[in-house]
Every structure is written in C-alpha cells, then in structure tokens.
Amino acid sequence: MLEVLRSGSVAQGPMVKRLEDAFSSAFGFRHSIAVNNGTTALVAALEVFDLRPGDEVLTSPFTFVATLNAILESGATATFADITEDDFNIDPASVASAITDRTRVLLPVHLYGQMADMGPLAELAQKHDLRILEDSAQSHGATYDGIAAGGFGVGTFSFYATKNITTGEGGMITTDDDTLADRLRVLRNQGMRERYVYEVAGHNYRLTDLQAALGIPQLENYSSVVERRKLNAARLTTGLKGLPGVVVPRELPRRSHVWHQFTIRLTDDAPIGRDEFVARLAETGVGAGVYYPRTLLDYSAYRDHPRVRQSAVPVADRVASEVVSLPVHTSLTDDDIDVIVESVAALVTA
Ligand SMILES: *Cc1c(COP(=O)(O)O)cnc(C)c1O
C-alpha cells in the first residue's frame, strides 16, 4: 500500500493487474477482471450475456440478496430451483424441472465455501444451451473435480470485509473466453477502450490499486488460510457429531470445501429453538450467525416483484429456519473451538 501511495497513482493501475494475474494463476483461470464489488461483478457478467426482457436466469432462493438484485438489474426475470440440505446449493433435479424455453442462464451460488453439484448442473446447461454464471462470492478456491469455483463458466467473487479474501470492498470476474473478458474490461471503465474513446455505454466498476495491494498478500497466503479453516471445521465436526438435533455440515465427494462458514442445522429434535440457541450462545461469548433466516422468495419486496417468478421451495424454506453458522475463522485456537463445542452441547443436551 505504501508503494501505491508513493507512486502517486492510487486508482486502477498496475497493482490491480498484479492482483488479477495472481488470481488467475492461483485458481487456474485464463482471465480475471477486478471490479469494485461482488454485486457489480454479477451485474457486469449478466450484461455481457446480452439478455433480453423475458429471458430467465435460474438461481437459488437461499443466498445473499445480491444474487437476486443483480439479476433484476440486468432486466431479466429471476426463476428458482430448490436446494439440497446436504450442500445448501441448488438441486440438479429441481433445476431440471425449473428450466423453461426462456431460460438463458444457470446461476448456481456456491454457498458457505462449498460448490454446487456442478457435474449434473453443467450437463443440464449443455443440454439446454444455457450460460453458466457461478456466484462464487463465498467460495474462493473451492473445487469440484479439481476445477475451481468460477471455472465452469463465468465466475464472480467478492472481496467484501467478511469474505475469505477481503479488500474492504472488491470483486472479481473470471472467464476463459477472450471476447467476454475484453468486453468486461471495457465495460468496467465507462465503456472506454482508451481515454475518451467510448465503445459502449459502460460503468465505473473499477477497483483501486490500494485495494489490490491489500488483496495480493492474502492471495499469496490463501492456502494456509484454507488449511486452518479445514482443521477448524474438522475439530468442530468431531466435537458436535451425534448431538441431538444438530446436523453438522459435510464436505461432499468430488469437492473441496473452503469453509467460508461452518453451518449446522438445528432440527426439531433439538430441545431449544434457533433464536434462543443463538442468543444463549452469544451470552457464553460465542458469536453465531444466521445466514440466511428466510429464502428470498419470502420477502414482500420480491414476492410482489413482476420479474420474480414464485415457486415452491420447501427444502430451502425448512433449511432457512434451521441454519446456524458457528465461528470457523483463522483466529480461533483449539481451546476456542472446544468452548464452542461445549457451549453447543450444553444447550442441546440440557
Ligand atoms: C457477498 C456476496 C455477494 C455480493 O458481494 P459484495 O462484494 O458484497 O457486493 C453476492 N453473492 C453472495 C452469495 C455473497 O455472499
């Protein structure tokens, strides 16, 4: 950051390029295009898909609201598939029945650090000639069959403060397609190919060199961050397994989980309701969170929206009422994790 400040040029410049190149080589992408946040990454990616009114983008109802807001900003109609309780991501069987002849984009969200079931999802996309846009905001470096999140189509990432890699605010778009990458680079900078040569109507979606300088060392150190998160998740899993009413998250076959969140489900078998559980944990000093308390279809802003297609998502509805995310971050000590386990155990076996 001092290097950037001393250079006298703090906006998008050589440090952003360094972050992009490091991101591409860390995870195996041909192109990485840095932008100012994970939401504009989604908006820009959808824009280069050239969607028309009435076109449908099929996604998960169990995600952060940015996924849906970006679809609506693109002018397309949002449609939904249900999720599975095993990975919290869209269920290929439900996707298959939600595809219509207006569906253009399949937008899986890789929630909590684990990728959606991309094998069957990619087959469906191929069969129905759909673009794949992976909302990988929570899953930097997660893999499926060795392919990193963002590598099945166009990927988008967030560097928001809470994400596994952060620049305060920031985002990245990944693609192996040269034409799309070129269009995205022009689009993020007011549609300018070079100064005052406007090629398309664009945006200011630029990341700054100051932010990039924050991100680069985190990327260099990222594999040890993921290693620590995996160890923490394993210790939590061992401690919590078998407790009544507690279902621990699993890393599924073919996938590598980067444990952005460690999310348990508190089922009806637990002797305590979720709200009280979270409040009592807070009293013992354990900061648990609920991501997310309701599906997006369960908010009036979207229930009555003309471009949000309502559909029954019973698994997502139930899961949204059950999830609790426990701390899994890299500052935890083994003793901290034992305190978390003991606190949870005391609440569900009381
Ligand atoms: C954080 C997040 C976003 C948005 O990223 P911002 O950088 O906050 O704009 C989009 N989708 C998901 C799933 C997220 O978790």
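Just above sits the structure.
Residues numbered from 1 in each chain as written. Predicted model: local features only at pLDDT ≥ 70, side-chain atom pairs only at ≥ 80, totals over all residues. Heavy atoms only, no water.

(A) Broad picture of a nonpolar patch on the surface. A cluster of nonpolar residues, Leu 2, Leu 5 and Val 10, forms a patch on the protein surface that exposes about 270 Å² of accessible area. Relative to the helices and strands, Leu 2 is located in helix 1 (residues 2–7). The class for Leu 2 is exposed, based on a relative accessible area of 53%. (Patch = residues over 30% accessible without salt bridge, like charges linked within 9 Å, V, L, I, M, F, W, Y side chains within 5 Å. Areas by Shrake-Rupley, 256 points an atom, 1.4 Å probe, with all protein chains shown as cover. Salt bridge = Lys/Arg side-chain N within 4 Å of Asp/Glu carboxyl O. Helix = DSSP H or I, 4+ residues; strand = E, 2+ residues; numbered from the N terminus. Buried < 20%, exposed > 50% of the residue type's maximum accessible area, 1.4 Å probe, protein only.)

(B) Quick look at helix 7 (residues 178–188). Within helix 7 the residues assigned to the buried category are Leu 180, Ala 181, Leu 184, Val 186, Leu 187 and Arg 188. You can read the cap of helix 7 off the contacts: a side-chain oxygen lies 2.9 Å from the backbone nitrogen of Thr 179, and it is on Asp 177. In the stretch just after helix 7, Gln 190 is the one whose phi turns positive, near 60°. (Polar contact = N/O pair within 3.5 Å; in protein donor to acceptor, adjacent residues only side chain to side chain.)

(C) Here's a closer look at the site of the ligand. Neighbouring the ligand are 15 residues, the closest being Gly 38, Thr 39, Asp 135, Ser 158 and Lys 163. Residue Asn 37 places a side-chain N or O atom 3.4 Å away from an oxygen atom belonging to the ligand. Interatomic distance of 2.5 Å between a side-chain N/O atom of Thr 39 and an oxygen atom of the ligand. When the ligand is considered free in solution it has 380 Å² of accessible area, and contact with the protein chains removes 94% of it. At the level of elements, helix 3 (38–47) and helix 4 (66–73) are the ones that each hand at least two residues to the shell around the ligand. Per-class residue counts for the shell around the ligand are five nonpolar, eight polar and two charged. (Near = heavy atom within 4 Å. Nonpolar A, V, L, I, M, F, W, Y, C, P; charged D, E, K, R; others polar.)

(D) Layout of the side chain of Thr 84. Inspection of the secondary structure assignment puts Thr 84 in the loop between strand 3 (77–80) and helix 5 (92–98). Those residues within four positions of Thr 84 in sequence are excluded, and the remaining contacts are Asn 89, Asp 91 and Val 315. (Contact = heavy atoms within 4.5 Å.)

(E) Structural view of the environment of Thr 67. With respect to the helices and strands, the residue Thr 67 is situated in helix 4. The sequence separation of Thr 67 and Thr 77 amounts to 10 residues, and the corresponding C-alpha distance is 12 Å. Apart from residues no more than four positions distant in its own chain, Thr 67 is found in contact with Leu 42, Thr 59, Leu 107, Val 109 and Asp 135.

(F) Looking closely at the sheet that holds strand 14 (residues 262–266). Read across the sheet, three strands follow the order 12-14-15 without closing on themselves; strand pairing throughout is antiparallel. Looking at the sheet topology across the chains shown, the edges are occupied by strand 12 (246–247) and strand 15 (323–326). Of the strand pairs in this sheet, strand 12 and strand 14 are connected by two bridges, and their pairing is antiparallel. Paired with Val 246 across the strands is Leu 266, a residue of strand 14. Sheet strands in contact with helix 10 (residues 274–283) are strand 14 and strand 15, and its direction is about 15° off that of strand 15. (Pairing = 2+ DSSP bridges. Axes fitted to C-alpha atoms, helices over the stretch in contact; angles between N-to-C directions.)

(G) Quick look at the packing of aromatic side chains. Throughout the structure, instances matching the rule amount to 14 aromatic pairs. Seen in terms of ring centroids, Tyr 144 and Phe 152 are 6.1 Å apart; in terms of plane orientation they differ by 80°. Their pairing is edge-to-face. On the accessibility criterion, Phe 152 (22% relative accessible area) is partly exposed. Through a chain of ring-to-ring contacts, the aromatic side chains of Phe 23, Phe 27, Phe 29, Phe 157, Phe 159 and Tyr 222 assemble into a single cluster. Here the basic side chain of Arg 294 rests over the ring of Tyr 299, its NZ or CZ set 4.2 Å away from the ring centre. (Phe/Tyr/Trp six-rings, centres within 6.5 Å; stacked < 30°, edge-to-face > 60°. Lys NZ or Arg CZ within 6 Å of the ring centre and 35° of its normal.)

(H) View of the sheet that holds strand 1 (residues 31–35). Spatial ordering of the open sheet is given by 1-9-8-5-4-2-3, a layout of seven strands whose pairing is mixed. Pairing within the sheet leaves two strands with one partner each, and these edge strands are strand 1 and strand 3. On average, each strand axis in the sheet is tilted by 25° relative to the strand beside it, whichever way the strands run. The sheet contact formed by strand 4 (residues 103–107) and strand 5 (residues 131–135) spans two bridges and is parallel. Looking across to strand 5, one finds that Val 105 is bridged to Arg 131. Its contacts with the sheet place helix 3 against strand 1, strand 2 (56–59), strand 4, strand 5, strand 8 (154–158) and strand 9 (171–175), and it is angled at close to 160° to strand 8.

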